[in-house]
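Spelled out, the chains give:
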Amino acid sequence: MTGRKRLRLFVLERANRCCEYCRTPIEYFPLEHIVSRKLGGSDDLDNLACACLRCNLAKGALISGLDEDGNEVRLFNPRTQQWGEHFRMAHGRIEGLTGTGRVTVKVLNVNTPERLEERQQ
Ligand SMILES: [Zn+2]
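Novice: In this structure, what is going on with unusual backbone geometry? I would like to understand it.
Specialist: Negative phi characterises most residues that are not glycine, and trans characterises most peptide bonds. Notably, N16 is not glycine yet its phi reads approximately 55°, a positive angle. Residue placement: N16 occurs in the loop between helix 1 (3–14) and strand 1 (31–33). Using a count of 10 C-beta atoms within 10 Å as the deciding quantity, one classes N16 as exposed. Of note in the backbone geometry, R23 takes a positive phi value of approximately 70° without being a glycine. Summarising the element assignment, R23 is placed in the loop between helix 1 and strand 1.

What follows is the structure, given as structure tokens:
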């Protein structure tokens, strides 16, 4: 196994084979840089996450979003924050419990009908 493959497997297993943002079980995933390389983020394990394709695409190079009052809030960081402190899952729907949670739900667009269906499977 190459170093890159081993790294991917480690990140996947560390996340229990689920997206670390929306909790959807995944097989294939793009390695997600929490702080993108574009913004100077590293390839270190503490900057890598396991994210589904939809979260990865929606997040892109973003590290923050605007809350309902127009304040800039950092997106959820699965390495330094606990999912359960920022989100709650109710019938497949993800609710943000904090500013970080609410902004992440909005930016990653995790509650579209098709995504709700995927999670409930
Ligand atoms: Zn996801």
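Novice: Is there a simple way to explain the nonpolar core in this structure?
Specialist: As a rule of thumb, nonpolar side chains are buried together in soluble globular proteins. Residues C19, Y21, C22, A51, C52, C55 and L108 are the most contacted members of the largest nonpolar core, which totals 22 residues. Of all the secondary-structure elements, those providing two or more residues to this core are strand 2 (48–50) and helix 4 (99–108). If you tally residues by element for this core, the top one is helix 4, at 4 residues.

Novice: Would you take a moment to explain the pairing of strand 6 (residues 93–96) for this structure?
Specialist: Strand residues, when the strand is regular, have side chains that alternate between the two faces of the sheet. Relative to strand 6, strand 5 (residues 87–90) is paired through 4 bridges, and the arrangement is antiparallel. Bridge pairing links A90 to R93 in strand 6. Taking the residues between adjacent antiparallel strands as the criterion, strand 5 and strand 6 are bridged by 2 residues, where H91 takes a positive phi near 50°.

Novice: Which parts of the structure should I look at to understand helix 1?
Specialist: An α-helical turn contains 3.6 residues, so any two residues separated by three or four positions project in the same direction. Helix length check: helix 1 (12 residues) gives 16 Å between terminal C-alpha atoms against 16 Å at 1.5 Å per residue, within 8%. Where burial is concerned, little of helix 1 is hidden: 0 out of the 12 residues are buried. The positive-phi residue at the C-terminal boundary of helix 1 is N16, with phi of around 55°.

Criteria and thresholds
- Residues numbered from 1 in each chain as written.
- Predicted model: local features only at pLDDT ≥ 70, side-chain atom pairs only at ≥ 80, totals over all residues.
- Helix = DSSP H or I, 4+ residues; strand = E, 2+ residues; numbered from the N terminus.
- Buried ≥ 20, exposed ≤ 12 C-beta atoms within 10 Å, placed from the backbone.
- Core = buried A, V, L, I, M, F, W, Y, C linked by C-beta atoms within 7 Å.
- Pairing = 2+ DSSP bridges.
- Expected span 1.5 Å × (residues − 1).

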